[in-house]
2 protein chains.
Amino acid sequence: MKQRETATIEDVARIAGVSIATVSRAVHHPGKVAEATRKKVNAAIAKTGFTANAMAQSLRNKSSKMILALVPDISNTFFANILLGLEAAASRRGYGLLIGNTENDPRTEATYLNYTRSNKADGIVLMTGHLPYGAAEVRQHLPPIVAACEAIPDEYVPFIGVDNRHGARIGVRHLVELGHRRIAYISGPASNILSIDRLAGYEEALGQMGLPVDRDLILDGDFSIEGGRLAVERLFIRDSLPTAFFCANDDMAIGVLLALSKRGFIVPVDFSVLGFDDIPFSSCTTPPLTTVRQPRRLIGEAAMEKMLDMVERKPTNEGPVILPVELIIRGSTGAPGGFGLSRAI
Amino acid sequence: MKQRETATIEDVARIAGVSIATVSRAVHHPGKVAEATRKKVNAAIAKTGFTANAMAQSLRNKSSKMILALVPDISNTFFANILLGLEAAASRRGYGLLIGNTENDPRTEATYLNYTRSNKADGIVLMTGHLPYGAAEVRQHLPPIVAACEAIPDEYVPFIGVDNRHGARIGVRHLVELGHRRIAYISGPASNILSIDRLAGYEEALGQMGLPVDRDLILDGDFSIEGGRLAVERLFIRDSLPTAFFCANDDMAIGVLLALSKRGFIVPVDFSVLGFDDIPFSSCTTPPLTTVRQPRRLIGEAAMEKMLDMVERKPTNEGPVILPVELIIRGSTGAPGGFGLSRAI
DNA sequence: CTGTTAGCGCCTTCAA
DNA sequence: TTGAAGGCGCTAACAG
């Protein structure tokens, strides 16, 4: 007699000699089932290797116990630990994590948004900085949404991340305290909220230290290594150079390091370089990168907690969750040595 | 009159003035529906914004159209592009990708294995090098499984990856041709299949070039940066040093680079360093890393194609899919300069 | 070409 | 404490 491909609740019920309702109860509300019955059921479950069909459960419960995380680029190491935090918190509460790589492609975003409409996911954690394409049309019945790392401008979506302005401030202050007076800011895309917040912090720190803001030292990048490289090249075309670079993320700082090294300069003797994020690789550059660390795993965990509170309609305090940043001082920053000093020696 | 939270096929049928069967047909077998009817249905779908409930579909079809990818560490940049390839190929064929981070934890593996038992996923792409924990007990009804990058020893699971032995061979040959006679092999965990295959290639290349294999130059690492570092330290404790390091992956090569630099050596003058994989960061080290590139995206795509052929029971040729490796020569390898040469200058 | 209907497997009222 | 039964939304077989 060939058994069904995979055991169902009916198989268990038959073997245990009870009804399927009792099996379901024994699993989900053990208190409502007589001790002896429960034992019989558990034995039958063990014997059959029964695992409830998640699809049937989802259909019935109108909940998939899955949360979708949308990231623009899964191969960007910055997101990895956040994802790890999201997953850890989700699994602690019995949820699974679905990871969606959007590449900022509208069609892909729309496809993933449909995951919630078709009940494949109960909520969305956004790390893309914007609502998924297609969200506007269905604004009225949008699933629970939370934004990690990058806030969603102009939308009421709970934000979990760091105080980017503050992070920039302490980074730039470090540079000023080392003696730097001309500090360049290598920004991400100009309209990006992270770029903007970090720029604000940069300007504030400069102001607090009584330093002027020189527009010529503020360059747009794109958060990529190549962007950092290019920014340096553009700066060298002009005649007035900074003594330090504050980069809006580590990738660009790495690009700056590379470009400077290629031109024969020694960091931090000739120039200081400061990043933001503290991606794992930052400690492996030459020299190791001084940077503003974001507690990525914690951000992920906090974002998921908030998300699940929303999904489960638990009371959750409004407003953003702001986690602390930390200045990690390594080898890429030091007192200004003067342009070309290392080469003169 | 408040509409249902989200439109169902019945809403569409009512509005279109047809039966739900016709709606389903209009969507899945448009050819079997009259032109006029189809138009009415499509209009109703557009009006309601109907999206089929994926859970109901899965329950009915016994297929979730989801494939689970199991990776030991999602924050390991090596896996990222593979995942990207998996996702691209999956979405081309109308499937979604579920990413599971196992950390080689048996409980986590078992949990994810259950995803297929509970119909959340139709198949598993393994990048962990072993069957998930709990697979042995249910061997008889295991879902379709495919192994990417790292073959599963002793199991019949289709493998998609590169010829690791060949990759090691061309890498080591490059070193020998540069003039190196004493080449260390920094291995991953000794029992790991990748470690073993690459060791075999290393020994073969040495043999082909008429060079002896010196057991003292073969060290176990663990595929981590720290592991590379440690290997160098262990080597320096002994008296006989190599002139070149062939590392079983890029992370360890980076560790070697770091350790050498810390000791004041210049690569590639004092030592040459060769990696394996060509992770994105390899071009950003000092000096840029020479390495054996794996076509990661292609591996991902091929693995997913194979997986879906299995899931859909399409004819697929047996045996592994082997993709080509490529030696990427950058700055970390050169002719041997002699121990301490750079320091003597 | 279209409608009726029987489940897919599960959970939860409602009665007993 | 337990069982019977309805229904979540969908697809496909069957009849017309």
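Above this text you will find the structure in question.
About the cut-offs
- Residues numbered from 1 in each chain as written.
- Chains lettered and ligands numbered in written order.
- Predicted model: local features only at pLDDT ≥ 70, side-chain atom pairs only at ≥ 80, totals over all residues.
- Heavy atoms only, no water.
- Helix = DSSP H or I, 4+ residues; strand = E, 2+ residues; numbered from the N terminus.
- Rg over C-alpha atoms; globule rule 2.2 N^0.38 Å.
- Contact = heavy atoms within 4.5 Å.
- Areas by Shrake-Rupley, 256 points an atom, 1.4 Å probe, with all protein chains shown as cover.
- Buried < 20%, exposed > 50% of the residue type's maximum accessible area, 1.4 Å probe, protein only.
- Pairing = 2+ DSSP bridges.
- Right-handed = clockwise from strand over helix to strand, strands pointing away.
- Axes fitted to C-alpha atoms, helices over the stretch in contact; angles between N-to-C directions.
- Expected span 1.5 Å × (residues − 1).
- Least-squares fit on C-alpha atoms with pLDDT ≥ 70 in both.
- Core = buried A, V, L, I, M, F, W, Y, C linked by side-chain atoms within 4.5 Å.
- Phe/Tyr/Trp six-rings, centres within 6.5 Å; stacked < 30°, edge-to-face > 60°.
- Lys NZ or Arg CZ within 6 Å of the ring centre and 35° of its normal.
- Near = heavy atom within 4 Å.
- Polar contact = N/O pair within 3.5 Å; in protein donor to acceptor, adjacent residues only side chain to side chain.
- Nonpolar A, V, L, I, M, F, W, Y, C, P; charged D, E, K, R; others polar.
- Buried area = accessible area lost by both parts, 1.4 Å probe.
- Salt bridge = Lys/Arg side-chain N within 4 Å of Asp/Glu carboxyl O.

Enquirer: Pulling in residues and values, what's your account of the overall build of chain A?
Expert: Along chain A, the regular secondary structure elements total twelve helices and twelve strands. For 345 residues, the compact-globule formula gives about 20 Å, and the C-alpha radius of gyration of chain A, at 26 Å, lies well above that figure. If one aligns the C-alpha atoms of chain A with their principal axes, the spans along those axes are about 90 × 40 × 35 Å. A sequence separation of at least 24 residues applies to 71% of the contacts in chain A between residues at least 6 apart. Accessible area for chain A stands at about 15100 Å²; split by element, carbon and sulfur atoms hold 54% of it.

Enquirer: Tell me about the pairing of strand β1 (residues 66-71) of chain A, residues and numbers included.
Expert: All names here are of chain A. Counting buried positions along β1 yields six of six residues, so the element is predominantly enclosed. Covered by surrounding structure in β1 are M66, L68 and L70 together with I67, A69 and V71, the residues of both alternating faces. The sheet contact formed by β1 and strand β2 (residues 96-101) spans six bridges and is parallel. The residue bridging M66 from the neighbouring strand is G96, located in β2. Between β1 and its parallel partner β2, the chain crosses via helix α5 (residues 77-92), and the hand of that crossover is right-handed. By the bridge criterion, four bridges tie β1 to strand β3 (residues 123-126) in an arrangement that is parallel. Looking at the pairing, L70 lines up with L126 of β3.

Enquirer: How would you sum up the sheet that holds strand β6 (residues 183-187) of chain B? Please name residues and give values.
Expert: All names here are of chain B. Overall, mixed pairing links the six strands, which are arranged β7-β6-β8-β9-β10-β12 in an open sheet. Of all the strands in the sheet, the pair left with one neighbour each is β7 (218-220) and β12 (326-328). Across the sheet, the axes of successive neighbouring strands diverge by a mean angle of 20 degrees, strand direction being ignored. Bridging between β6 and strand β8 (residues 244-247) involves four bridges; their strand directions are parallel. In the sheet register, I183 faces β8, and the bridge partner there is A244. Along the sheet face, helix α7 (residues 164-177) touches β6, β8, β9 (272-277), β10 (290-293) and β12 and points at about 160 degrees away from the line of β9. Helix α9 (residues 225-237) contacts β6, β7 and β8 of the sheet and is inclined by roughly 135 degrees relative to β7.

Enquirer: Report on helix α11 (residues 296-311) of chain B, specifying residues and quantitative values.
Expert: Residues and elements named next belong to chain B. Over its 16 residues, α11 extends 22 Å from the first C-alpha to the last, a length consistent with the 22 Å expected when each residue adds 1.5 Å. Listed as buried for α11 are R296, I299, G300, E301, A303, M304, K306, M307, L308, D309 and V311. Residue R313 follows α11 closely and has a positive phi angle near 55 degrees.

Enquirer: Explain the relation of the copies chain A and chain B residue by residue, including any values.
Expert: Superposing chain A onto chain B takes a rotation of 180 degrees combined with a translation of 0.0 Å along the rotation axis, leaving an RMSD of 0.1 Å. Here the two chains are linked by the operation of a two-fold rotation axis. Mapped onto chain B, 100% of the interface residues of chain A again fall at the interface, so both copies present the same surface.

Enquirer: Kindly report on the nonpolar core, identifying the contributing residues and their values.
Expert: Core analysis: the biggest nonpolar cluster contains 155 residues, and A:F245 and B:F245 have the highest contact counts within it. Not counting chain neighbours up to four residues away, the residues in contact with B:F245 comprise B:A184, B:I186, B:V232, B:L235, B:V256, B:L260, B:F271, B:S272, B:V273 and B:L274. With 34 residues, the next largest nonpolar core counts A:L113, A:I124, B:L70 and B:V157 among its residues.

Enquirer: Give a detailed account of the packing of aromatic side chains, specifying residues and quantitative values.
Expert: Residues and elements named next belong to chain A. Scanning all chains against the criterion turns up 17 aromatic pairs over all chains. The structure contains a cluster of three or more aromatic residues connected by ring pairs, namely F236, F245, F265 and F271. Directly above the aromatic system of Y115 lies the positively charged group of K120, at a separation of 4.5 Å from the ring centroid. A cation over an aromatic ring shows up here: R263 above the ring of F236, its NZ or CZ 4.2 Å from the ring centre.

Enquirer: If you had to explain the environment of A:A190 to someone new, which residues and values would you point to?
Expert: All names here are of chain A. Positionally, A190 belongs in the loop between β6 (183-187) and α8 (193-208). Given the relative accessible area of 46%, A190 is considered partly exposed. Along the sequence, A190 and A46 sit 144 residues apart, while their C-alpha atoms lie 59 Å from each other.

Enquirer: Could you give an account of the protein's contact with DNA strand D, naming the residues involved and the relevant values?
Expert: Taken together, 27 residues sit near DNA strand D, with A:T37, A:R60, B:I9, B:H28 and B:R60 positioned nearest. Put simply, 67% of the atoms of DNA strand D that lie within 4 Å of the protein are in sugar or phosphate. One of the backbone N or O atoms of B:I9 is found 2.4 Å from a phosphate oxygen in DNA strand D. Contacts to DNA strand D include B:Q57, whose side-chain N or O atom sits 2.7 Å from a phosphate oxygen. Every element with two or more residues in the surface near DNA strand D is listed here: α2 (20-28) and α4 (54-61) of chain A together with α2 (20-28) and α4 (54-61) of chain B. No other element matches the five residues that α2(B) contributes to the surface near DNA strand D. Split into classes, the residues belonging to the surface near DNA strand D amount to eleven nonpolar, ten polar and six charged.

Enquirer: Quick rundown of the protein's contact with DNA strand C? Include the residues and the values.
Expert: Taken together, 26 residues form the shell around DNA strand C, and within it A:I9, A:H28, A:Q57, A:R60 and B:T37 come nearest. Each atom of DNA strand C within 4 Å of the protein belongs either to a base or to sugar and phosphate, the latter forming 64%. In this structure, a phosphate oxygen belonging to DNA strand C sits 2.5 Å away from a side-chain N or O atom of A:H28. In the model, a phosphate oxygen of DNA strand C is placed 3.4 Å from a nitrogen or oxygen of the A:H29 side chain. Of all the secondary-structure elements, those providing two or more residues to the surface near DNA strand C are α2 and α4 of chain A together with α2 and α4 of chain B.

Enquirer: Give me helix α8 (residues 193-208) of chain B: which residues, what numbers.
Expert: Residue and element names in this part refer to chain B. The end-to-end C-alpha separation of α8 is 22 Å, in line with the 22 Å expected for 16 residues at 1.5 Å each. Listing the buried residues of α8 in full gives L194, S195, R198, A200, G201, Y202, A205 and L206. Check the buried side of α8 and you find it contacts α7, β6, β7, β8 and β9. Two to three positions downstream of the cap, the backbone nitrogen of L194 sits 2.6 Å from a side-chain oxygen, assigning the N-cap of α8 to N192. Once α8 finishes, G210 follows within two positions and takes phi at roughly 75 degrees, a positive value.

Enquirer: For the sheet that holds strand β2 (residues 96-101) of chain B, give the residues involved together with the corresponding values.
Expert: Residues and elements named next belong to chain B. Strand order in this open sheet of six strands is β2-β1-β3-β4-β5-β11, and the pairing throughout is parallel. Where the open sheet ends on each side, the last strands, each with one partner, are β2 and β11 (321-323). Direction aside, neighbouring strands of the sheet carry axes that sit 20 degrees apart on average. With three bridges connecting them, strand β5 (residues 159-162) and β11 associate as parallel partners. Following the sheet pairing, G161 is matched in β11 by I322.

Enquirer: Outline the interface of chain A and chain B, supporting the account with residue identities and numerical values.
Expert: When the parts of a complex come together, some accessible area is lost, and that lost area is often taken as the interface size. Of the residues lining the interface, 42 residues belong to chain A; the matching set on chain B comes to 42 residues. Each partner contributes to the roughly 3700 Å² buried at the junction of chain A and chain B, and carbon and sulfur atoms together form 61% of this total. Of all residues in chain A, A:M55, A:R117 and A:F281 give up the largest surface area on contact with chain B, accounting jointly for 16% of the area buried on that side. Inspection of the region where chain A meets chain B yields zero salt bridges. When the residues that make up the side of chain A that touches chain B are grouped by side-chain class, the tally is 21 nonpolar, 17 polar and four charged.

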